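Understanding the architecture of this molecule
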Amino acid sequence: MRGLLKPAAWLTCLFAMATAGCSSGAGTASGSAGRAADSPTASATSRAAGTTSYAPYVSATEAAGTDTAGSPTTYNLAFVISGGDGCTPEWNGTEAIGDTAVASRIAKLTAGGGTVRVSFGGASGTELAAACTSAAALAAAYGEALDAAGSDQADFDIEGDQVGDADAVARRSAAIALLQKERSGLEVTFTLPVMPSGLDEDGLALLASANTYDVQVAGVNLMTMNYGESYTGDMGAYALTSARAAHTQLKSVFGLSDAAAWRGMALTSMLGVNDVAGETFTLADAAEVRAFAERKEIAWVSMWSTFRDVPCEDGDDARDDAATDCSGVSQHAGAFAEALSG
């Protein structure tokens, strides 16, 4: 998503959401892991069938008129990155993590009962795992941002070269493990690129690293977008194909049942005209993704992003380029939120 300006069976202990537990030893599944895979924890079973949550990405620093459209359960605050080359977390790399305007914005977002999930990373700027030189310093930076937001939910949106940066991947995994030891209730998700063929080798290696460090992962959020110029067809169909491919991987890699693998998944689409030529995610696609997610009991669906969920002012419904502040398709304000929230 834009910024704002060979796996083995021991990976079964990865999904904390979908399993009852895992071993205390890094990289070694407990003897009961196979049975646990079909036994969701309370966080998973608390969701009744058909209650897939809606959790859009929102700007942490600037309000959009469509932020609350669709009555989100959770808001993904985008993004916390390095405030330069150092290990100092900032909102979008420009605003202090304790900025009072951001704190006020978060308070308004949560006033209606929703929660906030702090999203670290994104496609622009310097990701903290690349800027911080130690796991301890990185964990402290993550913790500072979570405290500022008053959140116990952390999303790690890892894109581009960062997915395959082995040093940053290991440092991030170690830091998250440290953070979870300090904060037993911390819910961690990874947001990763996906193709219609599923997660790539780097994405799977990143999840393997999390497992090696005993990170408890609540779910994997698939970015169903930016497939490349060879994919110019139905974006709704591509999203479903990508989800099915990843589901097969998660079942195989983590030893999960069908249901548990779906419950450990989330789906995020870029609404309207995407930033890859030929890709346009329509309102019909959004309704198709929502219906599929409900059938499969996928944990949550999301979109990039609330500030794009409006028609473009010039009325042009056939824009050649993706816009940062409108969808580029014919719609009314908040229409994608309504479709994705069901």
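These remarks concern the structure in this document. As the structure is a computational prediction, the values presented were derived from the model and not from experiment. (Residues numbered from 1 in each chain as written. Predicted model: local features only at pLDDT ≥ 70, side-chain atom pairs only at ≥ 80, totals over all residues. Heavy atoms only, no water.)

Some remarks on the state of the cysteines
Summed over all chains, the structure comprises 2 disulfides. Each sulfur of the disulfide joining Cys87 and Cys132 lies 1.9 Å from the other. Where Cys87 bonds to Cys132 through sulfur, the torsion about that S-S bond is close to 90 degrees, and the disulfide is right-handed. Placement of the pair is Cys87 in the loop between strand S3 (74–82) and strand S4 (89–91) and Cys132 in the loop between helix H4 (128–131) and helix H5 (135–149), with a sequence separation of 45 residues. (Disulfide = S-S within 2.5 Å. Helix = DSSP H or I, 4+ residues; strand = E, 2+ residues; numbered from the N terminus.)

A closer look at the pattern of salt bridges
Applying the stated criterion across every chain, the model contains 6 salt bridges. With a closest N to O distance of 2.9 Å, Arg105 and Asp67 form a salt bridge. Residue Arg105 is found in helix H3 (residues 100–110), and its partner Asp67 is found in the loop between strand S2 (57–59) and S3; the two are separated by 38 residues along the sequence. Per residue, the accessibility class of Arg105 equals that of Asp67, and both read buried. Among the ionic pairs, Glu294 bridges to Arg290, the shortest N-O distance being 2.9 Å. Here the residue Glu294 and the residue Arg290 both occupy positions in helix H10 (residues 283–296), the gap between them amounting to 4 residues, near one helical turn. Arg290 gets classed as buried once you look at its relative accessible area, which sits at 6%. (Salt bridge = Lys/Arg side-chain N within 4 Å of Asp/Glu carboxyl O. Buried < 20%, exposed > 50% of the residue type's maximum accessible area, 1.4 Å probe, protein only.)

A look at helix H8 (residues 235–254)
Between its terminal C-alpha atoms H8 stretches 28 Å, which fits the 28 Å expected from 20 residues at 1.5 Å a residue. With 14 of 20 residues buried, H8 lies mostly within the body of the structure. Where H8 begins, the side chain of Asp234 points an oxygen toward the backbone nitrogen of Gly236, at a separation of 2.8 Å. With its phi angle positive at about 65 degrees, Gly255 sits one or two positions after the end of H8. (Expected span 1.5 Å × (residues − 1). Polar contact = N/O pair within 3.5 Å; in protein donor to acceptor, adjacent residues only side chain to side chain.)

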